Structures are given as structure tokens and as C-alpha cells.
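For reference, the chains in residue letters:
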Amino acid sequence: YQQDVTQPGFLVPQCDLLYTDLWPEYPLYYSALNNHYSRVSKYIIIHGINNPRDEDGNPGTTGPYLASEEFLIDHPEWTKHQEFRNVHGLVILKRN
């Protein structure tokens, strides 16, 4: 199932796993996570955590990575299950 999760009013159907691969901007990811997490029972996969690079060229300190870290602070019922920093990067969040 593929859908633009950023469209106003759209909610993902109840699911075990949500895979996100959005334009690597913090507001898009943070909004998508907060709008849809309650409909996900097990995992959220976030692609592109190494993008964009910060002003010093360090990967994964802004955009999707920052959104996922702040989401975890705001939602303690979720934890970081796995993180992969190769290529574009990927993080798997798991509902406790």
C-alpha cells in the first residue's frame, strides 16, 4: 500500500508496520510521525536519516533523524529498535 502520508486529512489504515521515505525535511517527518503513529501497532521504519547533512557536512543530525529522536522523547511507548548509518541511513522504531 502506497500513499502520500503528508496529504491533509489522510490517515494510514491500521497496520503493523509503517515505512516512511519522504523528502528529507524535519517538518514533514515530524508531522507524519505524529499524525500516524497511533495507527501503527509494531514498527515504524524511517528511511533517509543521513539526509540532509548539517552545515559541517555531518550526516543525520537534522531532518528525519532529528524528527525521529524528538518523536522518541515525546512518545516513550516507542523505542529505537535498530539504526543503520550506511548509504542514506534507516532507523526502525518499535512500540513497547
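The structure displayed is predicted, hence computed values, not measured ones.

*Asks:* How should the overall build of the chain be read in this particular structure?
*Replies:* A tally of helices and strands in the chain yields two helices and four strands. When its helices and strands are written in sequence order, the chain yields β-α-β-α-β-β. Radius of gyration (C-alpha) of the chain: 13 Å, near the 12 Å computed for a compact globule of 96 residues. Projected onto the principal axes, the alpha-carbon positions of the chain cover approximately 40 × 30 × 25 Å. A buried classification covers 34% of the 96 residues belonging to the chain. A separation threshold of at least 6 residues defines the contact pool for the chain, and within that pool the share at least 24 residues apart is 56%. When the accessible surface of the chain is split by element, carbon and sulfur atoms take 53% of a total near 5700 Å². Of the side chains in the chain, 7 bear a positive and 12 a negative charge, and the two mean positions are spaced by 11 Å.

*Asks:* It is not clear to me how helix α1 (residues 26-36) should be interpreted in this structure. Could you clarify?
*Replies:* Residues lying three or four places apart along an α-helix face the same way, a consequence of the helix completing one turn every 3.6 residues. Among all positions of α1, only Y29, A32, L33 and H36 are buried. The buried residues of α1 occupy an angular sector of 100 degrees when projected down its axis, which confines them to one face. In the core, the buried residues of α1 are packed alongside β1 (15-20), β2 (40-47) and α2 (63-74).

*Asks:* Sorry if this is basic, but what is going on with the sheet that holds β2 here?
*Replies:* Note: strands within a sheet are paired through backbone hydrogen bonds, in either parallel or antiparallel orientation. Taken in spatial order, the four strands make up an open sheet running β1-β2-β4-β3, and their pairing is mixed. For this open sheet the edge positions go to β1 and β3 (78-84), each flanked by a neighbour on one side alone. Across the sheet, the mean angle separating the axes of adjacent strands is 15 degrees when strand polarity is ignored. Bridge count for β2 against strand β4 (residues 90-95) is five bridges, and the pairing is antiparallel. By the bridge assignment, Y43 is partnered in β4 with K94. Each of β1 and β2 touches α1; the most contacted strand, β2, lies at about 170 degrees to it. The sheet contacts of α2 involve β2, β3 and β4, and relative to β3 the element is tilted by about 150 degrees.

What counts, and where the lines are drawn
Residues numbered from 1 in each chain as written. Predicted model: local features only at pLDDT ≥ 70, side-chain atom pairs only at ≥ 80, totals over all residues. Heavy atoms only, no water. Helix = DSSP H or I, 4+ residues; strand = E, 2+ residues; numbered from the N terminus. Rg over C-alpha atoms; globule rule 2.2 N^0.38 Å. Buried < 20%, exposed > 50% of the residue type's maximum accessible area, 1.4 Å probe, protein only. Contact = heavy atoms within 4.5 Å. Areas by Shrake-Rupley, 256 points an atom, 1.4 Å probe, with all protein chains shown as cover. Lys, Arg positive; Asp, Glu negative; His and termini not counted. Charge placed at Lys NZ, Arg CZ, Asp CG, Glu CD. Arc of directions from axis to C-beta. Pairing = 2+ DSSP bridges. Axes fitted to C-alpha atoms, helices over the stretch in contact; angles between N-to-C directions.

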